[in-house]
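Residue-level listing of the chains:
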Amino acid sequence: MVLSKTASQSDVSVHSTFASRYVRSSLPRFKMGENSIPKEAAFQIINDELMLDGNPRLNLASFVTTWMEPECDKLIMASINKNYVDMDEYPVTTELQNRCVNIIAHLFHAPLGESEAAVGVGTVGSSEAIMLAGLAFKRKWQNKRKAEGKPYDKPNIVTGANVQVCWEKFARYFEVELKEVKLTEGYYVMDPAKAAEMVDENTICVAAILGSTLNGEFEDVKLLNDLLTEKNKQTGWDTPIHVDAASGGFIAPFVFPEIEWDFRLPLVKSINVSGHKYGLVYAGIGWVIWRSKEDLPEELIFHINYLGADQPTFTLNFSKGSSQVIAQYYQLIRLGYEGYRNVMENCIENMTVLKEGLEKTGRFTIVSKDIGVPLVAFSLKDHSLHNEFEISDLLRRFGWIVPAYTMPADAQHVTVLRVVIREDFSRTLAERLVLDIEKVLHELDTLPSKISAKLAIADEAKKDGVEKKTALETQREVTTAWKKFVMDKKKMNGVC
Ligand SMILES: Cc1ncc(COP(=O)(O)O)c(C=O)c1O
């Protein structure tokens, strides 16, 4: 007897992918399925669900690279199966990472002798780089305090309140108190004078940011260096500086070479930079460079025997991919100084087009600076009817992902929209975005205000006995109400 197979049980390759039973029925999402499914079906199911993600090229929230040359994509795919940690097996990859460390150290003016090797390491990103730099400062400070017979159990670090979340992580994970210099309205970076004042004998370092996440502004590292030098002289301490150059480290050397922020300043002992931001590599690579061997305590370094030679390593993880290291090396040799400068200048020109377009609408205050990371951070001048969260929401309809967020403590009543200009954000897109923002403003002008309606209901409920609110209080209330409204609907817009 011939048994006939039903279509749903037969070989998937016979059927249209979308008609196969694997795609027609839903798979268990949070538990492993009992049986295997064909590779075509697995691909299609995942590919289709991913179509609902935003388009990375239109994700203007992120500093992280979303486009690389096809030649580099080939190198990335060719090395996707290489574990970076197998240094004996992949000695060339190790050599390329060492070359990157040296190239970047020279870019940051590390005081290296003619044939002296730079001290640094490739990481997964600036966050890991910052954990390592912070650990080195903590250990160095502890060693000194122990040698002096002084307590070493209350280390602190001084930063601006604008620091990226990775500094809070470092403080919590490695038990260091984070002392934040407060921001004020209109001044969204760390004030070096206030930072120097906050330093005490337990301060392991002051962290300055070259390119604040909130508005791209460069902090004044030179002034900080001068103030701390003076304070160190007076107190006998030797409080050092770390520069978080996650975004600015691959911008300043090419377009603002005259700004002194790096190892040209004697108190700068370590610097981190994200290779995957303006280093122009896809997500997964960062760098930390130390001024000299003395700034990285020996006991934190692990020594690996690499082809009979000593390869010092200092990272938080063990295995990781090699592709990003190789891609970084590709960008450094392919672009050279000229290429990086061209890319950064182009980003700045496109930033200017966007900024001027927004200014022309007459509706926004620009809170980013011309000297800094090429981004435009802007706030509405008038919040009486609508706010930045509504603009962000409506822009999604055009495909744009533009985050809106409130500033940290002491400036939290200020909300901004931020557009990061990356290499692949062309002039056409900049002009197009201005047009779409104008359309959104026009649409909002014709819509009733959700927020004032909400507040009106609340006011109605309270009726008498309510004291008159100032414009600032009303604005804060509008922001809080809207934030709650947005949060109720979804998680906060991510700002990296
Ligand atoms: C100033 C600053 N520091 C650190 C980080 C963390 O960088 P990464 O994403 O490379 O870990 C960011 C991310 O945006 C940043 O802007």
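The rules behind the values
Residues numbered from 1 in each chain as written. Predicted model: local features only at pLDDT ≥ 70, side-chain atom pairs only at ≥ 80, totals over all residues. Helix = DSSP H or I, 4+ residues; strand = E, 2+ residues; numbered from the N terminus. Buried ≥ 20, exposed ≤ 12 C-beta atoms within 10 Å, placed from the backbone. Contact = placed C-beta atoms within 7 Å. Near = placed C-beta within 6 Å. Nonpolar A, V, L, I, M, F, W, Y, C, P; charged D, E, K, R; others polar. Pairing = 2+ DSSP bridges. Right-handed = clockwise from strand over helix to strand, strands pointing away. Axes fitted to C-alpha atoms, helices over the stretch in contact; angles between N-to-C directions. Expected span 1.5 Å × (residues − 1). Bend = angle between axes of the 7 residues up to and from the residue. UniProt positions renumbered as here; feature names shortened; annotations may be inferred.

Chemist: What is the right way to read the overall build of the protein chain from this model?
Modeler: Looking only at helices and strands, the protein chain features 14 helices and 13 strands. Looking at the protein chain residue by residue over its 496 residues, the buried ones come to 41%. Restricting the contact set of the protein chain to residue pairs at least 6 apart, pairs at least 24 apart contribute 70%.

Chemist: Please clarify how helix 11 (residues 388–396) should be interpreted in this entry.
Modeler: Since the α-helix advances by 3.6 residues per turn, residues separated by three or four positions end up pointing in the same direction. Taken across its nine residues, helix 11 has seven buried, putting it largely inside the fold. By the burial criterion, the buried members of helix 11 are Glu388, Phe389, Glu390, Ile391, Ser392, Leu394 and Leu395.

Chemist: Where do I start with the site of the ligand in this structure?
Modeler: Among the 15 residues in the neighbourhood of the ligand, the closest are listed as Gly125, Ser126, Ser127, Thr213 and Ala246. For the shell around the ligand, a count of residues per class yields five nonpolar, nine polar and one charged.

Chemist: Honestly, the pairing of strand 5 (residues 241–244) in this entry has me stumped. Any pointers?
Modeler: For a regular strand, side chains alternate in direction, first toward one face of the sheet and then toward the other. Side-chain alternation along strand 5 places Ile241 and Val243 on one buried face and His242 and Asp244 on a second face that is also buried. Judged from the four bridges that link them, strand 4 (residues 203–209) and strand 5 form a sheet pairing that is parallel. Within strand 5, the residue paired with Ala208 across the bridge is Val243. Handedness of the crossover is the feature at issue here: the chain leaves strand 4, passes through helix 8 (residues 221–235), returns alongside strand 5, and the resulting connection is right-handed. For strand 5 and strand 6 (residues 268–274), the ladder comprises four bridges, and the chain directions are parallel. When the sheet's bridge partners are listed, His242 is paired in strand 6 with Ser270.

Chemist: So what exactly am I meant to see when it comes to the environment of Ser26 here?
Modeler: Summarising the element assignment, Ser26 is placed in the loop between helix 1 (21–24) and helix 2 (39–50). Placed 19 residues apart in sequence, Ser26 and Ile45 show a C-alpha to C-alpha distance of 9.5 Å.

Chemist: I keep staring at the pairing of strand 13 (residues 415–420) and nothing clicks. Help me out?
Modeler: Burial of strand 13 is extensive: six of the six residues sit out of reach of the surface. Of the two faces of strand 13, the one lined by Thr415, Leu417 and Val419 and the one lined by Val416, Arg418 and Val420 are each fully buried. Taken together, the four bridges between strand 11 (residues 375–380) and strand 13 define a ladder with antiparallel strand orientation. Across the sheet, residue Leu375 finds its bridge partner in strand 13, namely Val420. Pairing of strand 12 (residues 404–406) with strand 13, which is carried by three bridges, proceeds in the antiparallel orientation. Along strand 13, the bridge assignment pairs Ala404 with Leu417.

Chemist: Is there a simple way to explain unusual backbone geometry in this structure?
Modeler: The general pattern is negative phi for most residues beyond glycine and trans for most peptide bonds. Of note in the backbone geometry, Leu280 takes a positive phi value of approximately 70° without being a glycine. For Asp410, which is not glycine, the phi dihedral falls at a positive 80°. Counting through the fold element by element, Asp410 comes out in the loop between strand 12 and strand 13.

Chemist: How do you make sense of the sheet that holds strand 5 when you look at a structure like this?
Modeler: Within a sheet, each strand pairs with its neighbour through backbone hydrogen bonds, oriented either parallel or antiparallel. Strand order in the open sheet made by the seven strands is 1-7-6-5-4-2-3, with mixed pairing throughout. In the strand order of this sheet, the two ends are held by strand 1 (119–123) and strand 3 (177–181), each with one partner. When the angles between neighbouring strand axes are averaged without regard to direction, this sheet yields 20°. Examined bridge by bridge, strand 2 (residues 156–160) and strand 3 share five bridges and lie parallel to one another. Within the sheet, the bridge partner assigned to Thr159 lies in strand 3 and is Glu180.

Chemist: Please clarify how helix 10 (residues 323–361) should be interpreted in this entry.
Modeler: When the terminal C-alpha atoms of helix 10 are compared, their 44 Å separation across 39 residues is substantially less than the 57 Å that a helix rising 1.5 Å per residue should span. Of all bends in helix 10, the biggest is about 90°, found at Gly336. Following helix 10 by one or two positions, Gly362 adopts a phi angle in the positive range, close to 75°.

Chemist: Help me out: how do you make sense of the sheet that holds strand 10 (residues 364–366) in this one?
Modeler: Read across the sheet, four strands follow the order 10-11-13-12 without closing on themselves; strand pairing throughout is antiparallel. Looking at the sheet topology across the chains shown, the edges are occupied by strand 10 and strand 12. Strand-to-strand twist in this sheet, taken as the mean axis angle between neighbours without regard to direction, amounts to 35°. Sheet topology note: the strand 10/strand 11 ladder contains three bridges and is antiparallel. Each residue of the ladder has a partner; that of Thr365, found in strand 11, is Ser379. Together, strand 11, strand 12 and strand 13 form the strand contacts of helix 11, whose direction differs from that of strand 13 by roughly 35°.

Chemist: I would appreciate a short explanation of the UniProt feature "modified residue: N6-(pyridoxal phosphate)lysine" (unreviewed entry) in the protein chain in the present structure.
Modeler: Under the UniProt annotation, "modified residue: N6-(pyridoxal phosphate)lysine" (unreviewed entry) lies at Lys277. Of note, Lys277 is situated in the loop between strand 6 and strand 7 (286–290). Discounting chain neighbours no more than four positions away, the residues touching Lys277 are Phe63, Val64, Ala246 and Ser247.

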